Amino acid sequence: MKFRSRLVVNLHNLHHNYSVIKKMAPETEVLFMVKADGYGHGMIPIARYAMTELGIKEFGCATISEALKLREELNDLEFDIYVFSDIQLELFENADIYLKRRIIPVISNVSELEYILHTPEFKNFPICMKFNTGMNRLGLDPNDAPRIVSMLKNHGRTSVHHLISHYANASYPMDTNERNVFQRTRFLEIKKLFTDSGIILERTSQSNSGAIEQNIGFKEHGDTHIRPGLMMYGPTSLLSEYTNRGYFKGKVVSSLETYIIRTFEVKAGTPIGYGSTICPHDGVVAVLAIGYGDGFSTRYGGAHLYHKGFEGVITGRVNMDMIQVLFPIEARDHILAHEIFTIWGKQDGDLLKFSEETKTIPYELFCSLLPRVPRVYRLD
Ligand SMILES: Cc1ncc(COP(=O)(O)O)c(C=O)c1O
């Protein structure tokens, strides 16, 4: 049996992307975001490679179950895991998991902090807190910072393991976007309040990919860590009009490959597939083995795909298992059944082009792929 569609993950490109980041910020530690199954690339192989080959020791998940999976499947390795959003600290069994499996919940409200401080089992447990400096999603209120410092001191805590904030607008310029400037200033003020009050901040971080790409949030600016997600997987996180602001040139770690089930010639006016979309010109149709059952959304209909230098268009509705791509008739002798067809990852920029054309974002393209698309790993 040969493959239908597959996501070929070239771990060597992960190595490349990490090396570029380390060149940009040699003194700054990396907390690598591997949530959502390593942005769709397979959390376990990605994290194992990052640990054993790149030496990364800190990882970020969104949920406690992701973190538990990471801990259980990589139990031969030593590393820190943070749970950033869905920490569910209110459930007794979760508290037990955090304690016994050494998983760090990122505290984002005062009641969670009170719980940690008042529970004897958490007495020596690392405290990681996230402040809402302007994202307005999760996070402690900066106005509560003096009260939080007092709470820590009253419980004999003299240090914070990691103090965090998160940019809402890192895809925009860091120096001129008002929200970015506001969030940076706010985080500096919060850190100062803590340190002026005698609380040691062992680690601090604010920068996600867009900010890192613009050289913001490194050790020389007062933070110990950066938290790259998307850029580790290759694409820029900057909006297309601001890519000239970035200093990062990554390599997309994956290519999405499928194959041509069959080809046939059509005349202008021929109806194609569900809904009977009319072919606007004579051409050759390639039927590809990918559809929404693989996570290839119906919204991708009308987008352009390329094969052997010819431009085709996804014509008619995306099916559960297939798509039809209409090529010009000149491609007739070149687009052949059973050939491998690469949707993204063949040429520099093709993923971004596809994401712009389909009005989606690279994050979503990656994360949408379903388990029917096997992830295959390469090192070349
Ligand atoms: C708290 C936190 N830090 C870092 C990241 C990484 O962001 P990016 O993938 O844009 O680098 C995320 C992702 O959403 C996040 O939620």
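Thresholds applied
- Residues numbered from 1 in each chain as written.
- Predicted model: local features only at pLDDT ≥ 70, side-chain atom pairs only at ≥ 80, totals over all residues.
- Heavy atoms only, no water.
- Domains from an automatic or database assignment.
- Contact = heavy atoms within 4.5 Å.
- Buried area = accessible area lost by both parts, 1.4 Å probe.
- Salt bridge = Lys/Arg side-chain N within 4 Å of Asp/Glu carboxyl O.
- Polar contact = N/O pair within 3.5 Å; in protein donor to acceptor, adjacent residues only side chain to side chain.
- Helix = DSSP H or I, 4+ residues; strand = E, 2+ residues; numbered from the N terminus.
- Nonpolar A, V, L, I, M, F, W, Y, C, P; charged D, E, K, R; others polar.
- Near = heavy atom within 4 Å.
- Areas by Shrake-Rupley, 256 points an atom, 1.4 Å probe, with all protein chains shown as cover.

1. Here's the deal with the domain arrangement of the protein chain
For step 1, the next point in the chain: Assigned domains of the protein chain: these are domain 1 (11–245) and domain 2 (255–378).
For step 2, the next point in the chain: Placing a centre on the C-alpha atoms of domain 1 and another on those of domain 2 gives a separation of 37 Å.
For step 3, the next point in the chain: The interface of domain 1 with domain 2 comprises 14 residues on the first partner and 10 residues on the second.
For step 4, the next point in the chain: Approximately 1000 Å² of surface area, both sides summed, lies buried where domain 1 meets domain 2, with 67% of it carried by carbon and sulfur atoms.
For step 5, the next point in the chain: Contact with domain 2 buries surface across domain 1, with Tyr39, His41 and Leu230 losing the most and accounting together for 35% of the total.
For step 6, the next point in the chain: Where domain 1 packs against domain 2, one counts zero salt bridges.
For step 7, the next point in the chain: Across the domain 1-domain 2 interface, the total number found is four residue pairs in polar contact (both at pLDDT 80 or more).
For step 8, the next point in the chain: Only helix 1 (11–24) and helix 2 (35–39) provide two or more residues apiece to the side of domain 1 that touches domain 2.
For step 9, the next point in the chain: Partitioned by chemical class, the residues of the side of domain 1 that touches domain 2 number seven nonpolar, seven polar and no charged.

2. Things to note about the site of the ligand
For step 1, the next point in the chain: Near the ligand lie 13 residues; those nearest to it are Lys35, Tyr39, Ser209, Gly229 and Tyr363.
For step 2, the next point in the chain: A distance of 2.6 Å is found between an oxygen atom of the ligand and a side-chain nitrogen or oxygen belonging to Tyr363.
For step 3, the next point in the chain: Relative to its unbound accessible surface of 390 Å², the ligand loses 91% to contact with the protein.
For step 4, the next point in the chain: A per-class count over the shell around the ligand returns six nonpolar, four polar and three charged.

3. Re the environment of Asn169
For step 1, the next point in the chain: Relative to the helices and strands, Asn169 is located in the loop between strand 8 (162–164) and helix 8 (178–196).
For step 2, the next point in the chain: Linking Asn169 and Glu121, residues 48 residues apart in sequence, is a C-alpha distance of 38 Å.
For step 3, the next point in the chain: Those residues in contact with Asn169 that sit more than four places away from it in its chain are Asn177, Arg179, Asn180 and Gln183.
For step 4, the next point in the chain: Within polar-contact distance, the side chain of Asn169 engages the side chain of Asn177 at 3.1 Å.

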